[in-house]
There are 2 protein chains.
Amino acid sequence: MTQQPAAPLDDQDFLRLDGQICFALNAASRAFNGLYRVVLKDLGLTYPQYLVMLVLWEHGTMPVKQLGRHLRLDSGTLSPLLKRLEAAGLIRRERSTEDERSVHAALTDEGTALRARAVEVPRRIAAATGFELEEIRDLQTRLSRLTAALDAASFDEEPGEEPRGGSREEL
Amino acid sequence: MTQQPAAPLDDQDFLRLDGQICFALNAASRAFNGLYRVVLKDLGLTYPQYLVMLVLWEHGTMPVKQLGRHLRLDSGTLSPLLKRLEAAGLIRRERSTEDERSVHAALTDEGTALRARAVEVPRRIAAATGFELEEIRDLQTRLSRLTAALDAASFDEEPGEEPRGGSREEL
DNA sequence: CACAATTCAGTTGTGCACAACTCAATGGCT
DNA sequence: AGCCATTGAGTTGTGCACAACTGAATTGTG
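Residues numbered from 1 in each chain as written. Chains lettered and ligands numbered in written order. Predicted model: local features only at pLDDT ≥ 70, side-chain atom pairs only at ≥ 80, totals over all residues. Heavy atoms only, no water.

Engineer: What am I meant to see in the packing of aromatic side chains here?
Structural biologist: For any pair of aromatic rings, geometry is given as the distance between the ring centres together with the angle between the planes. Scanning the entire structure with this criterion turns up six aromatic pairs over all chains. Connected via pairs of aromatic rings, a cluster forms that spans A:Phe32, A:Tyr36, A:Tyr47 and A:Tyr50. (Phe/Tyr/Trp six-rings, centres within 6.5 Å; stacked < 30°, edge-to-face > 60°.)

Here is the structure:
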């Protein structure tokens, strides 16, 4: 758009460009969040809580650790979030008997029942955005590649970190 | 990937797909944030603070309101953020004399000087991700379109909200 | 001019993200 | 068996996002 064919980019251009892509991704994420906030209000869920419920609806009872791998969240985020879901009566948390360090998140009847009302969420989102399935798929693929690249990059930039278990499951 | 040519998607598929795109965008945003966190640590800036500084470096002194339009943030987010930037000595905040409701954010000498160290940030990010300029541009365009669509959608979904000034400036 | 509506920054309260930490349970190693 | 590093969940503290609100300054209208 503003780029002339033969004009080399200077520092100012790079900073401006950097701001643009940062901003675009940030804004898209927040805009998405905002739309879901509106749609999910009926269900009494926040966006991250919805993501947790989606995983549980699909996979059933699951230890917190594994939930964290799926959603790429650590216990510092999940613990209070799950506590709120439990307070809302949607899940139960029970210590594993075979490994008492582990806590399993399980759907309550109420949590299971909520799924019936959640099935309309994707429709409402899709209808609101007017996006084609293919378009969504394509964007998702690009974002996943971006995430993978950024992960690897963060890892390299980190001075001396421990390997942090590379066997992440893809959702 | 898992989609068969002739198989119609049922509710479960839609929920799973919804989880995937939500998750992908969320994860990408956080991964980006994480990489910037590492790179920006040297400058003593967080990612949103960096975005604010980028705007000020490019445009100079600017009222909080306008900053909010650029970054799509309201005073509830900007006020404490700017207070921290002021505490760090990077900006000054001064009430406008012509309109005492308005507060202008201005760079201090220290804030201006920080730009010299910030010019390497985009290079480090670019080097870390290995992305081509064109690829970044393309993604940015898609995300901007997505944001615009989501904005319009949120607006339509909102039961009865006030117009909320539609003259947003594009960064 | 007076008064009501609007605008702007700031505050409060809730929830998420993440680093750094605690603590108990576990598993490997001698 | 005894010791110690590791693992898993949770807590604490900081910062961001956003809704709802406050209060002061300004603007519009009669």
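Engineer: I'm lost on the confidence of the model for chain A in this one. Help?
Structural biologist: Keep in mind that low pLDDT regions are not for reading the predicted coordinates in detail. In this model, chain A carries a mean pLDDT of 83, and residues with pLDDT of at least 70 account for 85%. Here residues 160-171 of chain A scores under 50 on pLDDT; set against residues more than four positions off or in separate chains, the count is 19 contacts. (pLDDT = per-residue confidence, 0-100. Contact = heavy atoms within 4.5 Å.)

Engineer: Just to check I follow, could you spell out the relation of the copies chain B and chain A for this structure?
Structural biologist: Look at the two chain copies: a rotation about an axis and a shift along it is all it takes to match them. In screw terms, the move from chain B to chain A is a rotation of 180 degrees and a rise of 0.0 Å along the axis, fitting with an RMSD of 0.0 Å. The relationship between the two copies is best expressed as a two-fold rotation axis. No C-alpha of chain B lies nearer the rotation axis than that of B:Ser29, which sits 3.3 Å from it. In this assembly the copies share their binding face: 100% of the residues contributing to the interface of chain B also contribute to that of chain A. (Least-squares fit on C-alpha atoms with pLDDT ≥ 70 in both.)

Engineer: Please clarify how helix α2 (residues 47-59) of chain B should be interpreted in this entry.
Structural biologist: All names here are of chain B. For α2, spanning 13 residues, the distance from its first C-alpha to its last is 18 Å, which sits close to the expected 18 Å at 1.5 Å a residue. Every buried residue of α2 is listed here: Tyr47, Gln49, Tyr50, Leu51, Val52, Met53, Leu54, Val55, Leu56 and Trp57. Among the residues trailing α2, Gly60 stands out with phi positive, at a value near 75 degrees. (Helix = DSSP H or I, 4+ residues; strand = E, 2+ residues; numbered from the N terminus. Expected span 1.5 Å × (residues − 1). Buried < 20%, exposed > 50% of the residue type's maximum accessible area, 1.4 Å probe, protein only.)

Engineer: Explanation requested: the protein's contact with DNA strand D in the structure shown.
Structural biologist: Lining the immediate environment of DNA strand D, one finds 25 residues, of which A:Arg37, A:Lys65, A:Ser75, B:Thr77 and B:Arg84 sit closest. If you look at DNA strand D and keep only atoms within 4 Å of the protein, 78% of those are sugar or phosphate atoms. One of the side-chain nitrogen or oxygen atoms of A:Ser79 is found 3.0 Å away from a phosphate oxygen of DNA strand D. For the surface near DNA strand D, the secondary-structure elements that each account for two or more residues are α1 (11-40), α3 (64-71), α4 (75-87) and β2 (91-95) of chain A together with α2 and α4 (75-87) of chain B. Classifying every residue of the surface near DNA strand D gives five nonpolar, eight polar and twelve charged. (Near = heavy atom within 4 Å. Polar contact = N/O pair within 3.5 Å; in protein donor to acceptor, adjacent residues only side chain to side chain. Nonpolar A, V, L, I, M, F, W, Y, C, P; charged D, E, K, R; others polar.)

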